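Results of the structural survey
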Amino acid sequence: MILGFCLAIGATFFFGYRAGRTARHVRWQDEPIQSWMSVPYVAHTHHTRSELLFQAIHLPPNPRDRRPIREIARAEKLPVAELIRDLRKAIENANPPGSEGIPPSRKAP
Amino acid sequence: MLDQLLAALTQYGSPALFVVVAIAAIGVPVPVTLLLIVTGSLAAQGSINLWWAIAIASVGSVAGDQIGFAIGRWGGKKLVAKFSRMLGDAERIKKLDAKAKSWGGAGVFFSRWLVTPLGPWINLASGAADYSWFRFTLWDILGESFGAALFIWLGHVFSDRVQEVGAIFGDLTWAIVGVLAAAFLGWKLFSGRGPAAKQTHA
């Protein structure tokens, strides 16, 4: 029981510290692109227009295409990592380092 | 598995949300908080209606909770023991059995959204401990609706930061579970109710 008590206190500090650390960095990190995300989802989290991202991976722009990146990779017979790399490159070109991401609605028409 | 669930949620929307929250409520370990936050983000993007998502998440969770409660109530003690062994901890269900009646509505309400890892155990224990179905359902609906609204709204507000927000809340939930466990074990240790304290007194 003493061990359990110590473990519980340890877990409290560990998870509390980790939550605090994540909260401190939350504004400074870009959301990592994951294989479960759809292209419009990635566009939203990176404040970029989805059309740009669809073009970057050589697909016709379709904001209603909710297929996850892994599904697109399977259909296009491409590795997921390659698609993610292309998307990241397109985002970097659209939002160069040092510039603030602009919500899609405020972008130029 | 998490990636597949999130992919299903992104692609299929509310039907996937309903199934995932229901199986999470039954006891399958799924990071449902993160899924609700992602749902909020999808609502912010217009993929799913915000209120519809809250309703679906609430109904799915309550349906899963009712299955857990029914297993506890109608499955009998043997089935409860088997189910809890299958999930990896037969002892916890025995302890919660006694706690279910004493905690009552507050236990049901807070385990729906604040200490979610305890939720499936409270469902089983409430059913097995003959806790009133009406009261269980009332607190269950209140807790699940509140939890779904809270996390989906958070995802809606922080729609471009869901992974970080999900990680923060996941860690905070476990920190709260740690505080509760430390408080419970500390109380047992220092009030002379636990075996270690009894040995000290002897």
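Notes on the overall build of chain B
Secondary structure summary: chain B contains 10 helices and zero strands in total. N-terminal to C-terminal, the α/β element order of chain B is α-α-α-α-α-α-α-α-α-α. The 202 residues of chain B split such that 49% are buried. A separation of at least 24 residues holds for 78% of the contacts in chain B among residues at least 6 apart in sequence.

Digging into the interface of chain A and chain B
Residue-level contacts link 32 residues of chain A with 29 residues of chain B. Going through the elements one at a time, α1 (2-25) and α2 (39-45) of chain A are the ones with two or more residues in the side of chain A that touches chain B. Counting residues per element, the side of chain A that touches chain B draws most heavily on α1(A), at 13 residues. Taken together, the residues that form the side of chain A that touches chain B break down as 16 nonpolar, 11 polar and five charged.

Remarks on the nonpolar core
All names here are of chain B. If you look at the biggest cluster of nonpolar residues, it comprises 49 residues, and the most contacted ones within it are Ala57 and Ile152. At eight residues, the largest contribution of residues to this core is made by helix α3 (residues 32-44). Here Ala57 is in contact with Leu17, Val21, Leu36, Thr39, Ala148 and Ile152, once residues within four sequence places are set aside. Counting 14 residues, the second largest nonpolar core, distinct from the first, contains Phe69, Phe110, Trp121 and Trp139.

Focus on helix α1 (residues 2-12) of chain B
Every buried residue of α1(B) is listed here: Leu5(B), Leu6(B), Ala7(B), Leu9(B) and Thr10(B). Check the buried side of α1(B) and you find it contacts α2 and α4 (69-76) of chain A together with α2 (14-26) and α3 of chain B. One or two steps after α1(B), the chain reaches Gly13(B), where phi turns positive at roughly 65 degrees.

Points about the packing of α3(B) against helix α8 (residues 133-157) of chain B
All names here are of chain B. As a packed pair, α3 and α8 sit with axes 6 Å apart at the nearest point and diverge in direction by 50 degrees. With respect to their mutual orientation, α3 and α8 come out oblique. In this structure, the crossing between α3 and α8 has a hand that is right-handed. Together, Thr33, Leu36, Ile37, Val38, Thr39, Gly40, Ser41, Ala43 and Ala44 of α3 and Ala148, Phe151, Ile152, Trp153, Leu154, Gly155 and His156 of α8 make up the contact between the two elements. Class assignment of the residues belonging to the contact of α3 with α8 gives a composition of 10 nonpolar, six polar and no charged.

A short note on the environment of Ile23(B)
By secondary structure assignment, the location of Ile23(B) is in helix α2. It is 9.9 Å that separates the C-alpha atoms of Ile23(B) and Gly68(B), two residues lying 45 residues apart in sequence.

Re unusual backbone geometry
Residues and elements named next belong to chain A. Within the chain, His47 stands out as a residue other than glycine whose phi angle is a positive 50 degrees. On the secondary structure map, His47 appears in the loop between α2 and α3 (50-56). Assessed through the 19 C-beta atoms surrounding it within 10 Å, His47 is described here as partly exposed. Despite not being glycine, Lys77 has its phi angle at roughly 55 degrees, a positive value. Locating Lys77 in the fold gives a position in the loop between α4 and α5 (80-94).

Quick look at the confidence of the model for chain B
When pLDDT is averaged along chain B, the result is 83; 81% of the residues meet or exceed 70. Here the prediction assigns the complex a pTM of 0.75, and the interface score ipTM is 0.70.

Points about the packing of α1(B) against α3(B)
All names here are of chain B. Between α1 and α3, the least distance of the axes is 10 Å, while the angle of their chain directions is 30 degrees. Regarding the angle of α1 to α3, the classification is roughly parallel. For the pair α1 and α3, the sense of crossing is right-handed. Facing α1, whose interface residues are Leu5, Leu6, Leu9 and Thr10, α3 presents Leu35, Val38, Thr39 and Leu42. Along the lines of polarity and charge, the residues of the contact of α1 with α3 split into six nonpolar, two polar and no charged.

The rules we used
Residues numbered from 1 in each chain as written. Chains lettered and ligands numbered in written order. Predicted model: local features only at pLDDT ≥ 70, side-chain atom pairs only at ≥ 80, totals over all residues. Helix = DSSP H or I, 4+ residues; strand = E, 2+ residues; numbered from the N terminus. Buried ≥ 20, exposed ≤ 12 C-beta atoms within 10 Å, placed from the backbone. Contact = placed C-beta atoms within 7 Å. Nonpolar A, V, L, I, M, F, W, Y, C, P; charged D, E, K, R; others polar. Core = buried A, V, L, I, M, F, W, Y, C linked by C-beta atoms within 7 Å. Axes fitted to C-alpha atoms, helices over the stretch in contact; angles between N-to-C directions. Parallel < 35°, antiparallel > 145°, perpendicular 65-115°, else oblique. Left-handed = near helix turned anticlockwise from the far one by under 90°. pLDDT = per-residue confidence, 0-100.

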